[in-house]
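Analysis of the macromolecular model
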Amino acid sequence: MTKRFICLLTAIITLHAPMLFAQEGTAKPAEGTLKLSKKSFALAHGVAYESASDGEEMVAVVLSAQPISSEKLKKALTTEKEGGFGEFPQPFLKLVFNKKGELKHWAAAGGGTSVSGSSDGAGELKLQEGRVVGKASAAVKPDAVIPRGFEVRFNVAMLKAGEELPASTAKRYGPVANVKPSVTGVFKGNGKEAKLAYVSAHWREPFGDKPSMDLVFTEKDHSKDNKPDFNAAFGKFGSALIISLHDDGEIFGCQVVHGAHQKQGFSSIGSIHTNDFTFENGKVEGELNTDGQVDTFGETWEVKIKFVAPLGEIPKEYQVAESTAAETKQPSSNFEKSEPDDSDEEPVTKPAAPGLNVKDLALTKAATDVEYKALVEQLAFKSKLPVKSACAEIAANLKAQGWIKDGGDLITPNSSILKRKRGEAKLTVFVKPETGGSEVKMMTEGLSWDGQ
């Protein structure tokens, strides 16, 4: 499992934590700072549960920056029982102890980097009144090929085999709070700062069967725009940051637009996370942080901003269906019946080939207002088809051209996202309603832009 978990051999991990716990009252679940390469992540939450490795009974302690929900833990435990590695909200540190309280191995992830170790760590753990209390450390060796070390303390409740965390309480939010939207902090691109002065929060269609929202940060006022997320991604409001996330603060989408970048509007998921995120009483607030400079496609950027924005009840059309699984199995429209095969296998008649020029990329029939942006490797066009029909045609045309699915599609009448890959090339396709049809934006990677 340790070997499977190592993703980047260039990562440098150092963990340092204060040696103090609360002297009175309930001790903090965790105190520590996770450092991966040049990034630092504060750890403040934790869970502990019985585990097993090579037939030996173990205790796993997971420390994270964001609270771990019962649903997330249950999914991770199921994956581990099947022989896989359970995923937790990043950043996180997982420590595995034997029943004697000795640290056997550890793993950590954050900012798109994953590392692990075994012989370089030591620790102790004790079971006290249904809680596990302990510490773990590994000395830093500066002259090592990959210097790494950590020091952390924890005091968390222990879940026995078969036990679960209490189910998350269904959230109910009041009307929009009477608060003024505000955003403060740093947003840099290639070392130059841009002033994000405006922020808004908007409900969007569920993603991964969970309530989801978009946060839009811009230099210029976008409050009167009916599609601020879409237009901000094209630079209409100057430098911008568009974040898609669940109502628990877990980010699943990030678009970066900065005036100092040559490539604007690129996606960089995994490099940014939330801190102290809350959504209640009709407002959303928290912090967005990349924990230092990030390099994406040769462009550097950095974010550390705090924000607050009003946001009320989830509109009915964006609420999670009670029986999503049943609805998925039973097509409810002509679109679902005619949707292309979900197989991830390469089409036999159209094998993928490198070097595809963007001008040959499959679009919809009668695509209009086609706009190519070579600098940021994006194209946009309009279609007379409604969103679902446009998605069906685009998916079928791309499949015939050798593109295959790169993860699941999100298709709703209001907004859709398709992801495809073809050899080393990748596409992210956004489709939204437009008067009399649809508006499509394609973010490309690995295509030829010669002649554009």
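What you see is a predicted model; the values in this text were computed from it and never measured.

What follows concerns the pairing of strand β7 (residues 103–110). Counting buried residues in β7 gives seven out of eight residues, a clear majority hidden from the surface. In sequence, strand β6 (residues 92–98) turns back onto β7 through a hairpin of four residues, with Gly-101 there showing a positive phi of about 90°.

Looking now at the pattern of salt bridges. As enumerated under the stated definition, the model contains 14 salt bridges in all. Among the salt bridges present, the one from Glu-250 reaches Lys-72, with a minimum N-O distance of 3.2 Å. Of this pair, Glu-250 sits in the loop between β16 (240–246) and β17 (251–257) while Lys-72 sits in helix α2 (residues 70–81), and the two are 178 residues apart along the sequence. The class for Glu-250 is partly exposed, based on a relative accessible area of 26%.

A few words on the confidence of the model for the protein chain. Here the protein chain averages 78 in pLDDT, while 79% of its residues score no lower than 70. Mean pLDDT values over the elements of the protein chain span from 32, in helix α5 (residues 334–338), up to 97, in strand β12 (residues 182–189). Across residues 1–26, where pLDDT falls below 50, the model places 73 contacts with residues more than four positions away in sequence or in other chains. pLDDT under 50 marks residues 323–354. Its contacts with residues more than four places away, or in other chains, come to 35 contacts.

Moving on to the nonpolar core. Counting 31 residues, the largest nonpolar core has Phe-217, Leu-241, Ile-243, Val-284 and Leu-288 as the members making the most contacts within it. Contributing elements (two or more residues each) for this core: β12, β14 (198–207), β15 (210–218), β16, β17, β19 (273–280), β20 (283–289) and β22 (299–310). Per-element accounting of this core gives the leading share, five residues, to β22. One finds Leu-36, Leu-95, Trp-106 and Ala-108 within the second-largest nonpolar core, a separate group that totals 25 residues.

This next bit is on α2. Between its terminal C-alpha atoms α2 stretches 16 Å, which fits the 16 Å expected from twelve residues at 1.5 Å a residue. One or two steps after α2, the chain reaches Gly-83, where phi turns positive at roughly 95°.

Analysis parameters
- Residues numbered from 1 in each chain as written.
- Predicted model: local features only at pLDDT ≥ 70, side-chain atom pairs only at ≥ 80, totals over all residues.
- Heavy atoms only, no water.
- Buried < 20%, exposed > 50% of the residue type's maximum accessible area, 1.4 Å probe, protein only.
- Helix = DSSP H or I, 4+ residues; strand = E, 2+ residues; numbered from the N terminus.
- Pairing = 2+ DSSP bridges.
- Salt bridge = Lys/Arg side-chain N within 4 Å of Asp/Glu carboxyl O.
- pLDDT = per-residue confidence, 0-100.
- Contact = heavy atoms within 4.5 Å.
- Core = buried A, V, L, I, M, F, W, Y, C linked by side-chain atoms within 4.5 Å.
- Expected span 1.5 Å × (residues − 1).

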